[in-house]
Amino acid sequence: MITITGLKKTYKHHQVLKSIDIEIHSGSVTAIVGPNGSGKTTLLKSILGLVIPESGSISVGGSTIKNSDQYRKQIGYLPQNHGFPANLKVKESIKLLQDLRTDVKDYDLELYEAFGLEEYKNKQIKHLSGGTLQKLSAAIAFMFRPTLLILDEPTSSLDPSASILLKDKIRKVNDEGVTVLLTSHIMPEVDELADEVIFMLEGCVRYKGSVTELKNIQETPSLEKAVANIIKMEFSPCLI
Amino acid sequence: MSDMIKIFKYQTRDVMRSRLVIFYLLFFSLFTSLLFYFNSETSGVIANILSINVSFMPLLTLLYGTTFYYNSKGYILFMLTQPVKRANLVTGIWLGVALPLVFSQLIGITVPFLIFSNLDVESLPAIGALLSSSFFITLIFLALAFFIAILQDDKAKGFGLSITIWFLLALLYDGFILGISVFFADYPLELPLLIISSFNPIDLARIFCLIHLDASALMGYTGAIFQDYFQSITGSVVSITALTLWTLMPLSGALYKFKKKDF
């Protein structure tokens, strides 16, 4: 689904990504974890085309993403912070995206309905709470039936019941074959959702494999402890 | 319908509901009505509105434009994850912000003119020129604001740059031209000064309006020169061309930087 080869990115003399090579298989749920500043966000942004890498290549669904915007039709993105114009109503924000995505006619409104967003449809974005905005962003991420879901801290600012609804939906679409790529600082959530983990440290991939294998290597049943153990480990410098 | 037009359509809706658009509408309606109350001469009212248009509107537009861009970063970032071309996104947002502002100014100025002035055919070109200069000032300074905000991620530096540009173009530039004209008084300066003044969109907008009005001497040195040098038609064509270029240059700069920018 996603193939990344020799990906490098430097911001003002600081190399954030140091020759990343990853393959993410179709139908998997992969979590990118690592401490702050490890390069997780830059990696996600590179896949989304928000960051232009200095070298290397990324292909999504078999086509290279360089100089292309159409590949994003495959992607449903849930950002950490919402992104809608403050004075637009909820229904207008959705309509804007629906107008842009003329390729999809049959919208997935399951999460929109489950979150009860219909009652907010005539409210302006600026009058919504942080939690409702997160629900709206999540509902939109699924709305256009993507084959790849990119979720950045998906349950942040969601209440427990909304969080359960979202996680159930992630599992459901994954069962239907959708590839999921997520970042989260909440390790029990990663443990619950992901079958693969990419652990990043200082711009390098230090571990990529199954969650179970990582826990076995670190000899702990807790993913949180396994990740904490890797952070403490000393690594040889990664390939630059 | 292209993506740019779709983005423009929804951006317009958003900005039409913003406080600045309502403020523009009320301010220009009230200000123009008050001018008519104190001054029955249409040319005098036009000259007064023009002085606001070329002094405070550039600053207000620059500050609003940069603030808008910085506050919309989340929206811009999200839209960039959609199958939309970067150029279409920026152009759509820029037009969607600019046109409601222009619209509220035009309504705010035109309605009092229709109510209070004795409109005659002779004053129509001057009113048209005033409205056109408002149109260009908003478009140009909003494009400059977007260019600054795209160039400079730091909000404080972006605002600083906006204020500096306004200070240079609105205050220092005419003083600079006046200095040249005094210093080189013995030389034929019309053509050099015309060329120099075309590097300032505020001077250009002022000139464009003044060549339709017999009050050029009131509005700065370059305005008077332009009226002497060009007659109305030639002056209008040259001014509009230069103002259009002034709109396209910062917009092209903004698009160029935006296409290469990391978010």
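This section reports on the structure supplied with the text.

Definitions and cut-offs
Residues numbered from 1 in each chain as written. Chains lettered and ligands numbered in written order. Predicted model: local features only at pLDDT ≥ 70, side-chain atom pairs only at ≥ 80, totals over all residues. Heavy atoms only, no water. Contact = heavy atoms within 4.5 Å. Buried area = accessible area lost by both parts, 1.4 Å probe. Polar contact = N/O pair within 3.5 Å; in protein donor to acceptor, adjacent residues only side chain to side chain. Helix = DSSP H or I, 4+ residues; strand = E, 2+ residues; numbered from the N terminus. Nonpolar A, V, L, I, M, F, W, Y, C, P; charged D, E, K, R; others polar. Phe/Tyr/Trp six-rings, centres within 6.5 Å; stacked < 30°, edge-to-face > 60°. Buried < 20%, exposed > 50% of the residue type's maximum accessible area, 1.4 Å probe, protein only. 1 Å grid on protein atoms, 1.4 Å probe; cavity = no way out; pocket = protein on both sides within 12 Å on 5 of 7 lines; lining within 4 Å. Points joined across faces, edges and corners; volume = space filled by probe spheres on them. Pairing = 2+ DSSP bridges. Right-handed = clockwise from strand over helix to strand, strands pointing away.

### Section: the interface of chain B and chain A
Counting residues at the interface gives 26 residues for chain B, matched by 32 residues for chain A. Of the roughly 2,600 Å² buried at the junction of chain B and chain A (both faces included), carbon and sulfur atoms supply 59%. In terms of surface lost to chain A, no three residues of chain B exceed B:Y10, B:F78 and B:P83, which account for 26% of the buried area on that side. At the junction of chain B with chain A, the criterion picks out 15 residue pairs in polar contact (both at pLDDT 80 or more). At the level of elements, α1 (3-16), α4 (73-80) and α11 (232-260) of chain B are the ones that each hand at least two residues to the side of chain B that touches chain A. In terms of residue count, α1(B) provides more of the side of chain B that touches chain A than any other element does, 7 residues in total. Residues that form the side of chain B that touches chain A fall into these classes: 10 nonpolar, 4 polar and 12 charged.

### Some remarks on the packing of aromatic side chains
Residue and element names in this part refer to chain B. Counting across every chain of the model gives 20 aromatic pairs over all chains. With 5.0 Å between their ring centres and 90 degrees between their planes, F36 and F113 make a pair best called edge-to-face. Taken together, the residues span a long stretch of sequence, with F36 in helix α2 (residues 19-38) and F113 in helix α5 (residues 86-116) at a distance of 77 residues. For the pair F36 and F113, one class covers both residues: buried. Ring centres of Y64 and F68 lie 6.2 Å apart, and the angle between their planes is 40 degrees; on these two criteria the pair is classed as tilted. With Y64 and F68 both in helix α3 (residues 42-71), this residue pair falls 4 residues apart, about one helical turn. Note on F68: relative accessible area 11%, which makes it buried.

### Things to note about empty space enclosed by the protein
According to the stated counting rule, one finds 2 cavities of 30 Å³ or more in the structure shown. As for the largest cavity, its lining consists of A:I75, A:G76, A:Y77, A:R101, A:I140, A:A141, A:F144, A:P146, B:F78 and B:Q82. For the lining of the largest cavity, the secondary-structure elements that each account for two or more residues are β6 (75-78) and α4 (130-143) of chain A. Each residue belonging to the lining of the largest cavity can be placed in one class, and the counts come to 7 nonpolar, 2 polar and 1 charged. One number sums up the size of the second largest cavity: a volume of about 40 Å³. In this structure, the second largest cavity is lined by B:Y69, B:I76, B:L89, B:V90, B:I93, B:F146 and B:F258. Here the lining of the second largest cavity is composed, by residue class, of 7 nonpolar, no polar and no charged.

### Here's the deal with the environment of B:F56
Residues and elements named next belong to chain B. Here F56 lies in helix α3. Relative accessible area serves as the criterion here: at 52%, F56 is assigned to the exposed category. Between the C-alpha atoms of F56 and W166, which are 110 residues apart in sequence, the distance is 9.1 Å.

### Comments concerning the pairing of strand β7 (residues 148-152) of chain A
All names here are of chain A. Judged by how many residues are buried, β7 sits mostly within the fold: 5 of 5 residues are covered. Neither face of β7 is open: one carries L148, I150 and D152, the other L149 and L151, and all of them are buried. Two strands pair when backbone bridges link them, and β7 and strand β8 (residues 179-183) are joined in this way by 5 bridges, in the parallel orientation. Among the inter-strand pairings, L149 is bridged to a residue of β8, identified as V180. In terms of handedness, the path from β7 via helix α5 (residues 160-175) over to β8 forms a crossover that is right-handed.

### So, the side chain of A:D99
Relative to the helices and strands, A:D99 is located in helix α2 (residues 90-100). Polar side-chain contacts of A:D99 include one of 2.7 Å to the side chain of B:Y10. Other than its neighbours up to four places away in sequence, A:D99 contacts B:K6, B:K9 and B:Y10.

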